[in-house]
Amino acid sequence: MNNIISLFSRANKTQPFEHLVAPHVSGLYKQAYQYMGNASDADDLLQDVLLELFNKQEQMSQADNLPAWLNRCLFHRFVDRCRSRKRAPECDNIDDINVSDDRRNMEPEQYCLNRQIIAGLQNLNPIQRAVVSLHDIGGFSLPELADIVDMPLGTLKSHLHRARKQLKKNLQLQPFDGQARQSV
Amino acid sequence: MKCHEIAESSDEFLDDKLQAMQRQKIQQHLASCTVCSATLAEHNEYRKQLSQFSVPEPAAGYYALLLRQARVNGEQQKQRHVARRYRLQGFAAAAVLACGILAAFNLGQSGLPSDASAEQFAQQTELVSEEITVLINVPADMLGARLALEFPEELIPHGIEHGQQLAWQLDLKKGANAITLPVLTSGSFAHGKKMLVSAQIEYNNKSKLFQLPVEFFSPHKARYDLVPRHRAHATYFI
Ligand SMILES: [Zn+2]
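Residues numbered from 1 in each chain as written. Chains lettered and ligands numbered in written order. Predicted model: local features only at pLDDT ≥ 70, side-chain atom pairs only at ≥ 80, totals over all residues. Heavy atoms only, no water.

**Quick word on the confidence of the model for chain A**
Residues and elements named next belong to chain A.
- Overall, the predicted model of chain A reaches an average pLDDT of 81, with 74% of residues at or above 70.
- Contacts for the low-pLDDT stretch residues 88-101, under 50 throughout, to residues beyond four places or in other chains number 14 contacts.
- Ignoring residues within four places in sequence, the model shows residues 175-184, a span with pLDDT below 50, making nine contacts including any to other chains. (pLDDT = per-residue confidence, 0-100. Contact = heavy atoms within 4.5 Å.)

Set out below in structure tokens:
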């Protein structure tokens, strides 16, 4: 019996790596999904990042702001991937993405909104996509964001401004007269 | 106040984070500037839409598996760097054993017939340590459930000297519960071999028996599919 107890105290003991990352993995997945636009590519990106994180456990345990630190790793992986993808044929067409599972698990209205936003994000360049989704969806503050994407605050603000403008356009949030807009 | 200043403070304005004085100035400007009030309304709508956005939830148990897989891969990468000489000949490295339990779990149904293939396990002098993951998906919290696992002869639960059966009480939480156990196995047994682990769960004086096929996957290529929520098959990884 003692054997059994010792076995299970060992088996049930959470591994340090899992223990450290588990509270944040859902947030990372969601962010990866916003970057990649579908579950399968998000999974692929996240697998890469988690393996990298496994090898950086010491740094990870010293991070002051772990969610931001983890997102920094994710962001850099994402950007690397975009660079290497540039040479490969694009497969970013939102209509090709298989989301049948999502559709099944969601209200139609929610599903439509999600699709619009994902499509809108996919139409932004990778930096804009990252900035706008981390800030406007993920809720990271500008100083956190500056750290995640490694940019001075001023540059970041102008990226955010342009990204929002483009995303609003993509979402067709333009109920107002174009001329009035131009006169600003 | 200028129009561009309004644009710069629009988030703080909408979040109500401005000081009363500043807020009042903006309100005055908005009252007289249709462009700014239209832009602000648009920004408000934009924020509203983004706040309603949600990423589809992955299948139950996905995160636990993802983390475990990263650890197993990482550990094995390290081992390859550090301890090449410990690798056993003839054993395809990176084998991890995994088995899954049906996504649907209905208490009260009688168990499936037990037919574990009890092929003779050739006595090997060298045993390797592996991990087996049992994934149990339950529809509601089951605190203090009793789980009994019976292993085929090829797998020896680590730390148990006699017998192939383990039983203990545990708290199963609604959704997927991943239980990882160390096992010893012969270094030379074939990967394609079919093995079954029996699992019995008892809760509230009801019990259910599962026969779980053990699947092998190589963590370097492992691509477990997302567990389909409505499919009644046991195997989660290939
Ligand atoms: Zn104005």
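**Topic: the confidence of the model for chain B**
Residues and elements named next belong to chain B.
- Of all residues in chain B, 57% have pLDDT values of 70 or greater, and the mean over the chain is 67.
- With pLDDT under 50 throughout, residues 83-125 is counted as low confidence; its partners more than four residues away or in other chains account for 111 contacts.
- In the predicted structure, residues 217-238 sits below a pLDDT of 50 and forms 64 contacts with residues beyond four places in sequence or in another chain.
- Our summary of model confidence lists the complex with pTM equal to 0.60 and ipTM equal to 0.80.

**With respect to the coordination of the zinc ion**
All names here are of chain B.
- Listed as protein donors to the zinc ion are Cys3 (SG), His29 (NE2), Cys33 (SG) and Cys36 (SG); their distances from the metal cover 2.1 to 2.4 Å.
- Classification of the site at the zinc ion as tetrahedral follows from its four donor atoms and the range of 102 to 115° in their angles at the metal.
- Between consecutive donors of the zinc ion, the numbers of intervening residues give the motif C-x25-H-x3-C-x2-C. Here Cys3, found in helix H1 (residues 3-8), pairs with His29, found in helix H3 (residues 20-32); they are 26 residues apart in sequence, far enough to count as distant.
- For Cys3, a relative accessible area of 29% translates into the label partly exposed.
- Relative accessible area serves as the criterion here: at 12%, His29 is assigned to the buried category. (Donors = N, O, S within 2.8 Å, 3.2 Å for Na, K, Ca; no water. Tetrahedral: all angles 85-135°; square planar, octahedral: opposite > 155°, others 65-115°. Helix = DSSP H or I, 4+ residues; strand = E, 2+ residues; numbered from the N terminus. Buried < 20%, exposed > 50% of the residue type's maximum accessible area, 1.4 Å probe, protein only.)

**Comments concerning the pattern of salt bridges**
- Scanning the model with the defined rule gives 19 salt bridges over all chains in all.
- Residue Glu18 of chain A pairs with Arg71 of chain B through a salt bridge whose shortest N-O separation is 2.7 Å. Placement of Glu18 of chain A in helix H2 (residues 16-36) and of Arg71 of chain B in helix H5 (residues 62-82) is noted, with the two residues assigned to different chains.
- Arg146 of chain B is the partner of Glu202 of chain B in a salt bridge, and the nearest nitrogen-oxygen pair spans 3.5 Å. Taken as a pair, Glu202 of chain B in strand S7 (residues 196-203) and Arg146 of chain B in strand S3 (residues 142-150) lie far apart in primary sequence, 56 residues in all.
- A relative accessible area of 32% means that Glu202 of chain B is categorised as partly exposed.
- According to the relative accessible area criterion, Arg146 of chain B is partly exposed, its value standing at 34%.
- Look at the salt bridges and you will find they share partners, linking Asp44, Asp48, Glu52, Lys56, Arg77 and Arg81 of chain A into a network. (Salt bridge = Lys/Arg side-chain N within 4 Å of Asp/Glu carboxyl O.)

**Overview of the nonpolar core**
- In this structure, Tyr35, Leu50 and Leu53 of chain A are the most contacted members of the largest nonpolar core, which totals 57 residues.
- Beyond its immediate sequence surroundings of up to four residues, Leu53 of chain A is in contact with Phe17, Leu28, Met60, Trp69, Leu70 and Cys73 of chain A.
- By size, the runner-up hydrophobic cluster in this structure holds 20 residues, among which are Leu147, Leu170, Val197 and Ile201 of chain B. (Core = buried A, V, L, I, M, F, W, Y, C linked by side-chain atoms within 4.5 Å.)

**Let's talk about the environment of Phe140 of chain A**
All names here are of chain A.
- The topology assignment puts Phe140 in the loop between helix H8 (126-137) and helix H9 (142-149).
- Take Phe140: its relative accessible area is 11%, and that puts it in the buried class.
- Taking C-alpha positions, Phe140 is 9.4 Å from Pro67, a pair spaced 73 residues apart along the chain.
- Setting aside its immediate chain neighbours within four residues, Phe140 contacts Pro67, Ala68, Asn71, Leu134, His135 and Ile148.

**Structural notes on the environment of Leu28 of chain A**
Residue and element names in this part refer to chain A.
- Position of Leu28 among the secondary structure elements: in helix H2.
- For the pair Leu28 and Val49, spaced 21 residues apart in sequence, the C-alpha separation works out to 9.4 Å.
- With sequence-adjacent residues up to four places away left out, Leu28 is seen in contact with Leu46, Leu53, Leu70, Asn71 and Leu74.

**Observations regarding the packing of aromatic side chains**
- Scanning the entire structure with this criterion turns up six aromatic pairs over all chains.
- When the centroid spacing of 4.2 Å and the interplanar angle of 5° are considered together, the rings of Tyr35 of chain A and Phe78 of chain A count as stacked. Taken together, the residues Tyr35 of chain A in helix H2 and Phe78 of chain A in helix H5 (residues 66-87) connect sequence positions 43 residues apart.
- Overall, Phe78 of chain A belongs to the buried group, its relative accessible area being 1%.
- Here the guanidinium or amino end of Lys168 of chain A rests over the ring plane of Tyr46 of chain B, the centre of that ring lying 5.1 Å away.
- Directly above the aromatic system of Phe13 of chain B lies the positively charged group of Arg23 of chain B, at a separation of 4.4 Å from the ring centroid. (Phe/Tyr/Trp six-rings, centres within 6.5 Å; stacked < 30°, edge-to-face > 60°. Lys NZ or Arg CZ within 6 Å of the ring centre and 35° of its normal.)

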